[in-house]
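A closer look at the structure
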Amino acid sequence: MDEGIRRSAILLMSLGEDAAGNVLQFMSQTAVQALGEAIAGLQQVRHDEVSEVLEEFRLETEQYSAMHLDSASYLRGVLTKALGNDRAADLLENISQSNQSASGIERLNHLGAAEVAELIRDEHPQIIATMLVHMKRDKAAGVLEHLSERIRYDAVLRVATFGGVQPAALKELTEVLSEMLSGEGVQHMGLGGVRAAAEIVNQMSSTHEEALIKHVREHDENLAQKILDQMFLFENLLDLDDHSIQLLLKEIETESLVVALKGSQQEMRDKFLKNMSQRAAEALREEMEIHAPVRVSQVETEQKSILQIVRRLTDAGEITAGSSNGDAFV
């Protein structure tokens, strides 16, 4: 047995069931299995060995805590030496701005889309856009669908042309939101721009999606095309290679695929069928034939969910997905 795994197993057993369980939930399945096997293999452990493990853990914890006591000063010193005063100051300001945004705006992700829309509908469109770019894309899309057309169109335009916000203004905004909301901050999403606008619009229903693109095109045809170029539509699945489709099939529930393919062109159905085993393809054909009629909105919902999987696999580098104009995301 690896000595490090053994000592970790001894430490977990010393913590008690509740505390050990809380630790294990943050570990990978592989690590949990390794520790489980180590714990199962422990027969008798000497008292002095337990004391040694606990003392080593205490010392490690103290060193780790001490190293982070003045992390802000340490970071400033390192960046200044590496980049010089001016560039270090700019980077520290960006880091500070990112941390501040997580304290208030991103807590909106914990609320329902309708609640967020009600909360921000009377704010200036630029403030709404600032909030949207800090939210998860699917949540931002849901919020937009609960806003009036005028606000929705204006907000998306501002997201697409978002150039950032002054740290002082962002700090004031997040402080106000922090007083109104509760909960922990969530992972910081990328800020605004064409890509952010495309990701948000891509999560909306087809009706709202088409109306938004039409409005943006009337305002700025070039900007509308840029957003479209960054979007990935269900029809673009035809551009995926066979290997990518096979990877995608592993992530999709059969029921979801059946509904998503309802009403789609035969070429799209054939794309999936030819990348399945003969038995699976026959089962899918049979399921599509006997499946009850579904609403268009249900089809759109399942197609959007599949596109979310495509985006996840693309971001993970497992597949290469083309945009609506044939260019690949990188």
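The following refers to the structure shown. A quick note: this is a predicted structure, and the numbers were derived from the prediction, not measured. Throughout, a residue's number is its position along its own chain's written sequence, starting from 1. The predicted nature of this model means local features are confined to residues of pLDDT at least 70 and side-chain atom pairs, given and counted, to a pLDDT of 80 or more, with totals for whole chains, interfaces and linings taken over all residues. Only hydrogens and water are set aside; all other atoms, that is, all heavy atoms of the structure, feed into the side-chain values.

1. Some points on the overall build of the protein chain
Stated precisely, the cut-off is as follows: Here a strand is any run of E in DSSP of at least two residues, a helix any run of H or I of at least four, and the numbering for each starts at the N terminus. Buried means the residue's accessible area, taken with a 1.4 Å probe over protein chains only, is under 20% of the maximum for its type, while exposed means over 50%, and partly exposed covers the values in between. Contacts are assigned to residue pairs that have any heavy atoms within 4.5 Å of one another. In these tables, accessible area is a Shrake-Rupley quantity obtained with a 1.4 Å probe, and a residue counts as shielded only by the protein chains included in the view.
In terms of helices and strands, the protein chain carries 19 helices and 0 strands. Relative to its 330 residues, the protein chain shows a buried fraction of 37%. Taking contacts inside the protein chain between residues at least 6 apart in sequence as the whole, the part at least 24 apart equals 77%. Accessible surface, the protein chain: about 19300 Å² in total, of which carbon and sulfur atoms supply 50%.

2. Details of the side chain of Arg7
Relative to the assigned elements, Arg7 resides in helix α1 (residues 3-15). By relative accessible area, Arg7 is classed as buried at 17%. Setting aside chain neighbours within four positions, we find Arg7 in contact with Glu52, Val53 and Glu56.

3. Looking at the nonpolar core
So the rule is basically this: By nonpolar core we mean a set of buried residues, namely Ala, Val, Leu, Ile, Met, Phe, Trp, Tyr and Cys, connected to one another through side-chain atoms within 4.5 Å.
Of all hydrophobic cores here, the largest spans 39 residues; its most connected members are Leu132, Val143, Leu144, Val159 and Ile227. Here this core gets 7 residues from one element, more than from any other, and that element is helix α10 (residues 149-160). If sequence neighbours within four positions are ignored, Leu132 has contacts with Arg137, Ala140, Val143, Leu144, Ala155, Val159 and Ile200. In terms of nonpolar packing, the next biggest core, distinct from the first, is built from 25 residues, Phe234, Leu249, Leu257 and Met288 among them.

4. Side note on the pattern of salt bridges
How we decide: Each reported salt bridge corresponds to a side-chain nitrogen of Lys or Arg within 4 Å of a carboxyl oxygen of Asp or Glu.
Per the counting criterion, the structure on display carries 9 salt bridges. When the shortest N-O distance is used, the salt bridge between Glu118 and Arg121 registers 3.2 Å. The exposure class assigned to Glu118 is exposed, which follows from its relative accessible area of 53%. Among the residues examined, Arg121 registers a relative accessible area of 26% and is labelled partly exposed. Between Asp242 and Lys274 there is a salt bridge, with the nearest N and O atoms lying 3.7 Å from each other.

5. What to know about the environment of Ala117
Structurally, Ala117 can be placed in helix α7 (residues 113-120). Accessibility expressed as a relative area gives 0% for Ala117, which makes it buried. Once the C-alpha coordinates of Ala117 and Ala140 are considered, the two residues, 23 residues apart in sequence, prove to be 9.4 Å apart. With sequence-adjacent residues up to four places away left out, Ala117 is seen in contact with Val143, His146 and Leu147.

6. Some words on helix α18 (residues 278-290)
Along an α-helix, a turn takes 3.6 residues, which lines up residues three or four apart on a common side. Basically, it comes down to this: For a helix, the expected span equals 1.5 Å multiplied by the residue count minus one. As used here, the arc is the angular range of directions from the helix axis to the C-beta atoms.
Spanning 13 residues, α18 covers 19 Å between terminal C-alpha atoms, matching the ideal 18 Å at 1.5 Å per step. Three or more residues of α18 are buried, namely Ala281, Leu284 and Met288. Buried residues of α18, seen end-on, are gathered within an arc of 60° and therefore sit on one face of the element. Set apart from the buried face of α18 by more than 90 degrees, the exposed residues are Gln278, Arg279, Glu286, Glu289 and Ile290. In this fold, the buried residues of α18 make contact with α16 (254-260) and α17 (266-273).

7. Details of α7
Of the residues making up α7, those classed as buried are Ala113, Val116, Ala117 and Ile120. When α7 is viewed along its axis, its buried side chains cluster within an angular range of 100° and face the same direction. Next to the buried residues of α7 lie α8 (125-133) and α9 (137-145).

8. Comments concerning the side chain of Glu300
Short version of the rule: Working convention for charge: Lys and Arg count positive, Asp and Glu count negative, and His plus the chain ends are omitted.
With respect to the helices and strands, Glu300 occurs in helix α19 (residues 296-315). Buried charge without a partner: Glu300 forms no salt bridge, and the closest opposite charge is Lys304, 7.2 Å away.

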